[in-house]
Amino acid sequence: MRLVIQCTRDLSLTADGEDRGSFEKGLLVLVGIKNTDTSEICMKMAQKLSRLRIICDKNDKMNLSVTNTDIPHQLAVVSNFTLYANCNKSRRPDFQQSASFTEAKKLYDTFLGYLTLSLKDTVEAEGGRIPETITGVFGADMNISFTATGPITVILDSDQADF
C-alpha cells in the first residue's frame, strides 16, 4: 500500500461531478493498493497515518498529527491506482502491481474502516479531536482542487515501513 499525503488548504472534492465535500485546512491522502496488500497492511497503514506528525506547530516544526492541532484540520482520502504505475520499460505506464478493481475496492474500504478506528484510538490515547473525513468514490472520475501548503508531501509505502 502506498499513501501520498499532502498538507493542504482550501480543498474541494467532486466525484463524477457530484460534490463530496470541502475543507479549509487538512491533509489530502491518495491511497494506492498493491496486488499483494492485505487487511493487516491496511490496519498498520491506517494506524501510521492517524499518528503521523507532519502538521506544523506554532514554531513551524512538523510536530502535530491531524488529531492534535490547535486549528481544526480535516482529511480527504481518495483511492488512486496510478500510484503503482511502472514507467521503467516504456513510455506507457503499466499497472501490473496495482490490485484488481474488486480487490482494491475491498481493501480501500477496509483501510477507511481501520482509519476511523485508528483516529478514535489516537484521540483516546493522546487527546485532540477526530477530524472530519471526506472520501472519494472508488473508481469514479474525481476532481480535487486545493492549495498545497509548505509544500509538505510525504509518501508512506508499506514495503518500506517499519511497523
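Conventions adopted
Residues numbered from 1 in each chain as written. Predicted model: local features only at pLDDT ≥ 70, side-chain atom pairs only at ≥ 80, totals over all residues. Heavy atoms only, no water. Patch = residues over 30% accessible without salt bridge, like charges linked within 9 Å, V, L, I, M, F, W, Y side chains within 5 Å. Areas by Shrake-Rupley, 256 points an atom, 1.4 Å probe, with all protein chains shown as cover. Salt bridge = Lys/Arg side-chain N within 4 Å of Asp/Glu carboxyl O. Lys, Arg positive; Asp, Glu negative; His and termini not counted. Charge placed at Lys NZ, Arg CZ, Asp CG, Glu CD. Helix = DSSP H or I, 4+ residues; strand = E, 2+ residues; numbered from the N terminus. Buried < 20%, exposed > 50% of the residue type's maximum accessible area, 1.4 Å probe, protein only. Contact = heavy atoms within 4.5 Å. Expected span 1.5 Å × (residues − 1). Disulfide = S-S within 2.5 Å. Arc of directions from axis to C-beta.

A closer look at a negative patch on the surface
A cluster of acidic side chains, namely Asp16, Glu18, Asp19 and Asp141, defines a negative patch on the protein surface. By the element assignment, Asp141 lies in the loop between β6 (133–135) and β7 (142–157). Residue classification places Asp141 among the exposed residues on the basis of a relative accessible area of 55%.

Focus on the environment of Leu49
In this fold, Leu49 is placed in helix α1 (residues 39–51). A relative accessible area of 3% places Leu49 in the buried class. Between the C-alpha atom of Leu49 and that of Leu119, which follows or precedes it by 70 residues, the distance is 8.8 Å. Filtering out sequence-adjacent residues up to four positions away, Leu49 remains in contact with Leu3, Ile5, Val29, Phe111 and Leu115.

A short note on helix α2 (residues 101–126)
Residues spaced three or four apart along an α-helix face the same direction, because each turn holds 3.6 residues. In this model α2 runs 36 Å from its N-terminal to its C-terminal C-alpha over 26 residues, within 8% of the 38 Å that 1.5 Å per residue would give. Along α2, the residues that are buried comprise Ala104, Leu107, Tyr108, Phe111, Leu112, Leu115, Ser118, Leu119, Thr122 and Val123. The secondary structure elements touched by the buried residues of α2 are β1 (2–15), β2 (18–32), α1, β5 (74–79) and β6. Immediately downstream of α2, the backbone of Gly127 shows phi near 85 degrees, a positive value.

Description of the pattern of salt bridges
Side chains bearing opposite charge may pair, as long as their charged atoms lie close to each other. In the structure shown here, the tally under the stated rule is six salt bridges. Across the pair Arg9 and Asp10 runs a salt bridge, and its minimum N-O distance is 2.9 Å. The class of Arg9 is partly exposed, set by a relative accessible area of 37%. Accessibility expressed as a relative area gives 42% for Asp10, which makes it partly exposed. Ionic pairing is found between Glu40 and Lys44, a salt bridge with its closest N-O pair at 3.0 Å. Pair noted here: Glu40 and Lys44 are both in helix α1, with a separation of four residues, about one helical turn.

Points about the state of the cysteines
Note on terminology: disulfide describes a covalent bond linking the sulfur atoms of two cysteines. On inspection of all chains with the given rule, the structure shows zero disulfides. The closest cysteine sulfur to the non-disulfide-bonded Cys7 is located on Cys56, 6.8 Å from its own sulfur.

Points about α1
With 13 residues, α1 extends 19 Å from end C-alpha to end C-alpha; this agrees with the ideal 18 Å at 1.5 Å per step. Among the residues making up α1, those that are buried are Ile41, Cys42, Met45, Ala46, Leu49 and Ser50. On an axial view of α1, the arc spanned by its buried residues comes to 160 degrees, and they lie on one face. The inward-facing, buried residues of α1 contact β1, β2, α2 and β7.

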